[in-house]
Amino acid sequence: MNDMTPIATSPKDWETDQEVRWCPGCGDYAILKAIQRTMPQIGGTPANTVFVSGIGCSSRFPYYMETYGFHTIHGRAPAFVTGIKLANPDLDVWLVTGDGDGLSIGGNHMMHILRRNLDTQILLFNNEIYGLTKGQYSPTSREGTRSPSTPFGSVDHPAKPCAFALGSGARFVARGYDVSKNLPDVLKAAHSHKGAAFIEIFQNCIVYNADVFAEFTDKNNANSHQLWLEQGEPMLFEKGSRGISLDHDTLQLKVVDVEGGDWQNAGVIVHDVRNRAVAHMLVEMPFGPFPMALGVLYDDPHPTFESAVVAQNRELSEGRTPDLQALVSKGQTWMVEKEPREN
Amino acid sequence: MATASHEVTPQEAAAHPPAEAVVVRFAGDSGDGMQLTGGQFTLSTALAGNDLATFPDFPAEIRAPQGTLFGVSAFQINFGSTAIETAGDAPDVLVAMNPAALKTNVSALKPGGLIIADSGEFGDRNLAKAKYEANPLDDGSLAKWQLMKLDISALTLEAVKPFGLGNKEALRCKNMWTLGLALWMFDRDRQPIVDWLKAKFAKLPDIAEANIAALNAGHAYGETAELAGPMQKVSIAAAPTEPGLYRTVTGAESISLGLVAGAQLAGLKLFFGGYPITPASAILHHLARLKEFGVTTFQAEDEIAAICASIGASYAGQLGITSSSGPGIALKTEAMGLAIMTELPLVIVNSQRGGPSTGLPTKTEQSDLYQAVYGRNGDAPLPVIAARSPADAFDCAIEAVRIATTYMTPVMLLTDGYIANAAEPWKVPDMAGYAPFPVRFMTDAPGEGETFMPYARDEKLARPWAIPGTPGLMHRIGGIEKAQGTGNIDYAPENHARMTEIRRDKVLGVDVPDQDIEVGEAGGRLAIVGWGSTYGPILQAVRRARARGIDVSHIHIRHIWPLPKNLGELLRSYDRIIVPEMNTGQLKTLLRDQYLVDCRPLNKVSGQPFMIAEIEDAIANGVGDGDVPPSATQLPEPKAMNP
């Protein structure tokens, strides 16, 4: 049934006939296009691909992908994905969620899918706002966010999606943003990672939280405020004139100036996607004094949940014939030979 | 050593039941292994060919403080040569391992019944914990009963002395000593218990031998002349049952087996998503060991994840099953709505327990019928089936799977704490006698210019089951209202009205067998209508009443929703209808609503099963006293019997 033979597809093959209903100018359009461009590049097969979502603007996503799709209930997409993947590990399952869906109502499930390391791509569209319910602040909204439910500014501290993911045991953590030309590369890296791949995608909500990421997504700010991480490459930004180094006294990251391209001399760190300690620092790096770390922050594969379940099921079934009659007759039995009693 | 405190009077002897049915209750501290004692006694009783029923009653706390009233754990067994359908009313024999066990259980004992008390545990400290001012074994307060005082602790320590165990470990053998005595009293074979102990403690041969020594010592104690007092040996003739191969089974076991059988009959792999909750966890435990039957069990992070993962598995082509008890079922409710909306097969097992909220986690009740039939947002119907006994739960589980896969719908299977934990003899089913109902996934890709219709319908109104991985059938489903046929999002008023009707009609159209009559006949003065685990006491009460010439019939409903098509007509054929339920009248309301019949409730919400006598009283009131025509004033009023 699962024909795994890769077939050549074009982005068009991944579009449905459904009218896309996000607000004009919504960042979701760009993400949809990026994914539809990525699928042919990774050799995806529509019939073998499943998009699963919870509830929210982002969760409308499956309706627009010409694949199998399941628009489930608020926050629970990780649990559905777990059942789907355990039932059929051959499927290529993508989970689409948002900051409210994935980190508020569904935070518990997000933690557990990550710690179990189920093989799936988790796309968390972070717009720092509840869009579908008309603009309430979300668990990732910055302190002081004014919204219908916080007219005088929010007072609680925001969650950091990538720090949450790493803390939950994620083995792949990446960041991108809606209109970034690099987004397909991040998606490809996530797909090639076997296990739960967590990608925070900054997404501009043009209606309720417009330009909240402009400080680093705006063309004029990109160079100075984006740190694109590449495996084996020094952590440089601002056209190589600045870099990230480790302060050996405080064991904290710091920004250093790089003179004449001599990053070694400036002590700039070379990115190693398997370095979990540095990954913890990168996800905690405060934006402002530091640039926004983008790309693959951490990638260190580990055995997956569904493969362990399948292996144990197989091991315990091998050499055993499933005999239902023997099963119901199990335990201590006795024979009654007399006639049926009279009532 | 052993002394009787009371000479049994002839009246008391007469109150004692004939020896054909004996009810024994083992009660002790929750750490005393009383459930184990009772369970093993059940096994040996079944092996002796007696019909039996058991009723475990254990505290909510895993290990409540030792010796306290709320730490008492009890196990009751009723066995005899006539058909037994209940765990029995008042016990004939009470084994009390400490003062608290005596205090909480003695009032249930029949007048003239026998108390076996471990006098070694009746020290000042334990008496105070049980809030006794004086030692009841000495102050004559137990004069109504026969009393056997035995220093079981000392006798056990003596018996296991050769094995060099520590005091604490040695005292753990007390339950086996007591079991040995009980086996002697009722002429039961020790060998199965010996075999079981050897297997259980295979890696700890000293412990095994010590327990066996305690078991033998208790048995030998019964045999010795010192015990010639009140503890006469009781021998019960084996119950004639339908010929065949038998085993004991608990409801949790039979449900697990039935679900596996159902999945095999449907030709599907089984996915079980569960989360630990009393008293439903046993189903997860049983299924987790059956991997060779294509079973995957998933202990989820919470109740919601458990059902959502199961729905995900159904979506991907396995048989998704989830299980819980009331509070967990409440959490799963939103996901049930999604399964109804997306029309995916799913079985939800609800092992009901008592009360709202956490309620009475370890006690039994039937108070989730409204929740099962009505308890979801929107018009969200699903079929509901109720098991009546541990053995019946096997067939009910298969039936639930059949309906779920045939009609593409979630199905709720109601059981309760009593059925889940109780053991009864079960005639081993012949699996060749069950007709398979193989599932056929949709694989036909649409032709040129056609599109796949995931919400097309067959004659049963079921939609096709097209699973991910199938070429050409890509489609999207979700919780938003669907357009008939295409399954695309459709908010149009007329479409929603039509889809609501279809979801209703699909469930109402489920092929439910006609309602039969357990005992009695259609038409007459009185029908007792029950559902679920009230089966045993109702059946016994109706049989007894009919033996006395009372015109009363017993109807027991398995299909709670949709109800059998002939039920309304059948109910209208009786002058009076009484509905006994362990709730405040939920089936009663459903029947009144569906058929406008004047059902009268008989309710019990004490966390304990009905006693036969309670239903017999209701029958007597319901029909008047034999020849006297019934009058409304004699009917039971809608009130709780045990408020």
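Parameters at a glance
Residues numbered from 1 in each chain as written. Chains lettered and ligands numbered in written order. Predicted model: local features only at pLDDT ≥ 70, side-chain atom pairs only at ≥ 80, totals over all residues. Heavy atoms only, no water. Helix = DSSP H or I, 4+ residues; strand = E, 2+ residues; numbered from the N terminus. Buried < 20%, exposed > 50% of the residue type's maximum accessible area, 1.4 Å probe, protein only. Contact = heavy atoms within 4.5 Å. Areas by Shrake-Rupley, 256 points an atom, 1.4 Å probe, with all protein chains shown as cover. Lys, Arg positive; Asp, Glu negative; His and termini not counted. Charge placed at Lys NZ, Arg CZ, Asp CG, Glu CD. pLDDT = per-residue confidence, 0-100. Right-handed = clockwise from strand over helix to strand, strands pointing away. Buried area = accessible area lost by both parts, 1.4 Å probe. Salt bridge = Lys/Arg side-chain N within 4 Å of Asp/Glu carboxyl O. Phe/Tyr/Trp six-rings, centres within 6.5 Å; stacked < 30°, edge-to-face > 60°. Lys NZ or Arg CZ within 6 Å of the ring centre and 35° of its normal. Expected span 1.5 Å × (residues − 1). Patch = residues over 30% accessible without salt bridge, like charges linked within 9 Å, V, L, I, M, F, W, Y side chains within 5 Å. Core = buried A, V, L, I, M, F, W, Y, C linked by side-chain atoms within 4.5 Å. Axes fitted to C-alpha atoms, helices over the stretch in contact; angles between N-to-C directions. Parallel < 35°, antiparallel > 145°, perpendicular 65-115°, else oblique. Left-handed = near helix turned anticlockwise from the far one by under 90°. Nonpolar A, V, L, I, M, F, W, Y, C, P; charged D, E, K, R; others polar. 1 Å grid on protein atoms, 1.4 Å probe; cavity = no way out; pocket = protein on both sides within 12 Å on 5 of 7 lines; lining within 4 Å. Points joined across faces, edges and corners; volume = space filled by probe spheres on them. Pairing = 2+ DSSP bridges.

Some details on the overall build of chain B
Then step 1. In terms of helices and strands, chain B carries 21 helices and 20 strands.
Then step 2. Burial status across chain B gives 63% buried among its 643 residues.
Then step 3. Taking contacts inside chain B between residues at least 6 apart in sequence as the whole, the part at least 24 apart equals 76%.
Then step 4. Summed over all atoms, the accessible surface of chain B reaches about 23,000 Å², with 53% contributed by carbon and sulfur.

Describing the overall build of chain A
Then step 1. Each helix and strand counted, chain A has twelve helices and 14 strands in total.
Then step 2. C-alpha extents for chain A along the principal axes are approximately 100 × 45 × 45 Å.
Then step 3. Across the 343 residues of chain A, 53% fall into the buried class.
Then step 4. If you take every contact in chain A between residues at least 6 apart in sequence, the share linking residues at least 24 apart comes to 66%.
Then step 5. When the accessible surface of chain A is totalled, it reaches about 15,100 Å², and 51% of it is carbon and sulfur.
Then step 6. Computing the positive centroid from 29 side-chain charges and the negative centroid from 40, chain A places the two 3 Å apart.

Concerning the confidence of the model for chain B
All names here are of chain B.
Then step 1. Averaged over all residues, the pLDDT of chain B is 86; the fraction at 70 or higher stands at 86%.
Then step 2. Ignoring residues within four places in sequence, the model shows residues 1-20, a span with pLDDT below 50, making 40 contacts including any to other chains.
Then step 3. Within the model, pLDDT remains below 50 along residues 225-238, and this stretch shows 41 contacts once partners closer than five positions in the same chain are excluded.

With respect to the pairing of strand β9 (residues 295-299) of chain B
Then step 1. Within β9 of chain B, four of the five residues are buried, which leaves it mostly tucked inside the rest of the structure.
Then step 2. With helix α11 (residues 281-287) of chain B bridging strand β8 (residues 270-274) of chain B and the parallel β9 of chain B, this β-α-β connection has right-handed handedness.

Details of the interface of chain B and chain A
Then step 1. Across the contact, 77 residues belong to chain B and 63 residues belong to chain A.
Then step 2. Area buried by chain B at its contact with chain A is led by E292, E301 and R476 of chain B, which between them contribute 12% of it.
Then step 3. At the boundary of chain B with chain A, the tally comes to three salt bridges.
Then step 4. Its salt-bridge partner being R476 of chain B, residue E66 of chain A comes within 3.2 Å of it at the nearest N-O pair.
Then step 5. For the side of chain B that touches chain A, the elements supplying multiple residues, two or more each, are α2 (34-47), β7 (244-250), α10 (251-266), β9, α12 (303-315), α13 (326-342), β14 (423-427) and β15 (476-478) of chain B.
Then step 6. It is α12 of chain B that provides the largest number of residues to the side of chain B that touches chain A, a total of eight residues.

Details of the packing of aromatic side chains
Then step 1. A complete count under the given rule lists 20 aromatic pairs over all chains for this structure.
Then step 2. Judged by centre distance (5.8 Å) and plane angle (35 degrees), the rings of F51 of chain A and F61 of chain A are tilted. Of this pair, F51 of chain A sits in strand β1 (residues 49-53) while F61 of chain A sits in the loop between β1 and β2 (68-71), and the two are ten residues apart along the sequence.
Then step 3. The buried category is assigned to F61 of chain A, whose relative accessible area is 0%.
Then step 4. Pairing F216 of chain A with F287 of chain A gives two aromatic rings, centres 5.4 Å apart and planes at 65 degrees, and the pair type is edge-to-face. Of this pair, F216 of chain A sits in helix α7 (residues 214-217) while F287 of chain A sits in the loop between α10 (276-284) and β13 (292-299); the two residues are 71 residues apart in sequence, bridging distant segments of the chain.
Then step 5. Judged by relative accessible area, F287 of chain A falls into the partly exposed class, the value being 27%.
Then step 6. A network of ring pairs unites the aromatic residues W22, Y29, F51, F61, Y64, W94 and F125 of chain A as a single cluster.
Then step 7. Seen from the ring of F201 of chain B, K200 of chain B lies directly overhead, with NZ or CZ sitting 5.7 Å from the centre.

A word on helix α18 (residues 535-547) of chain B
Residues and elements named next belong to chain B.
Then step 1. Across its 13 residues, α18 extends 18 Å between first and last C-alpha, which sits within 8% of the 18 Å expected from 1.5 Å per residue.
Then step 2. Among the residues making up α18, those that are buried are Y535, G536, P537, I538, L539, Q540, A541, V542 and A545.
Then step 3. Residues of α18 that are buried make contact with β16 (524-531), β17 (552-557), β19 (574-581) and α21 (612-623).
Then step 4. Positioned one or two residues after α18, G549 has a phi angle of 90 degrees, which is positive.

What about a nonpolar patch on the surface?
Then step 1. Together, I206, V207 and Y208 of chain A give the surface a local cluster of nonpolar side chains, amounting to about 250 Å² of exposed area.
Then step 2. Inspection of the secondary structure puts I206 of chain A in the loop between β8 (196-202) and α7.

Remarks on unusual backbone geometry
All names here are of chain B.
Then step 1. Each neighbour pair has its own omega, and for T278 with P279 the value is 0 degrees, a cis peptide bond.
Then step 2. In this structure, P562 follows W561 across a cis peptide bond, with omega equal to -10 degrees.
Then step 3. Tracing the backbone shows P562 in the loop between β18 (559-561) and α19 (567-572).
Then step 4. The phi dihedral of K131 is positive, around 60 degrees, even though this residue is not glycine.
Then step 5. With relative accessibility at 59%, the residue K131 sits in the exposed group.

Structural notes on the nonpolar core
Residue and element names in this part refer to chain B.
Then step 1. Core analysis: the largest hydrophobic core is formed by 168 residues, its most contacted members being L259, V529 and L591.
Then step 2. Here this core takes ten residues from helix α15 (residues 392-407), the largest share from any one element.
Then step 3. Ranked by size, the runner-up nonpolar core spans 39 residues in total, among them V93, V95, C173 and F201.

Overview of the packing of helix α8 (residues 191-200) of chain B against helix α9 (residues 205-223) of chain B
Residues and elements named next belong to chain B.
Then step 1. Where α8 meets α9, the axes come as close as 9 Å, and the angle between the chain directions of the two elements is 160 degrees. In this view, α8 runs roughly antiparallel relative to α9, as classed from their interaxial angle. Our pair here, α8 against α9, has a crossing hand that is right-handed. Every residue of α9 that contacts α8 at I193, V194, L197 and K198 is listed here: A208, E209, N211, I212 and L215.
Then step 2. Here the contact of α8 with α9 is built from residues that sort into six nonpolar, one polar and two charged.

Examining the layout of surface pockets
All names here are of chain B.
Then step 1. In this structure, the largest pocket spans a volume of roughly 1,500 Å³.
Then step 2. Lining the largest pocket are 37 residues, and of these Q40, R247, T250, E253 and H286 sit closest to its centre.
Then step 3. Of all the secondary-structure elements, those providing two or more residues to the lining of the largest pocket are α2, α8, β7, α10, α11 and α16 (417-421).
Then step 4. The leading source of residues in the lining of the largest pocket is α2, at six residues.
Then step 5. A class-by-class count of the residues in the lining of the largest pocket yields 18 nonpolar, 14 polar and five charged.

Brief notes about the sheet that holds strand β14 (residues 333-336) of chain A
Hydrogen bonding along the main chain pairs the strands of a sheet, whether they run parallel or antiparallel.
Then step 1. Spatially, β14(A)-β7(B)-β14(B) is the arrangement adopted by the three strands of the open sheet, whose pairing is antiparallel. Among the strands making up the open sheet, the edge pair consists of β14 of chain A together with β14 of chain B. Strand-to-strand twist of the sheet, defined as the mean angle between neighbouring strand axes without regard to direction, takes the value 35 degrees.
Then step 2. Here β7 of chain B runs beside β14 of chain B; their pairing, made up of five bridges, is antiparallel. Note on β14 of chain B: the bridge partner recorded for V249 of chain B is E424 of chain B.
Then step 3. Contacts from α10 of chain B reach β7 and β14 of chain B, with the element oriented near 110 degrees to β7 of chain B.

Regarding empty space enclosed by the protein
Residues and elements named next belong to chain B.
Then step 1. Using the criterion set out here, one finds four cavities of 30 Å³ or more in the structure.
Then step 2. Approximately 50 Å³ is the volume attributed to the largest cavity.
Then step 3. Around the largest cavity, the lining residues are A339, I340, E343, P381, M408, T409, P410, R503, K506 and V507.
Then step 4. Where the lining of the largest cavity is concerned, the elements lending two or more residues are α13 and α17 (493-508).
Then step 5. A per-element tally of the lining of the largest cavity places α17 first, with three residues.

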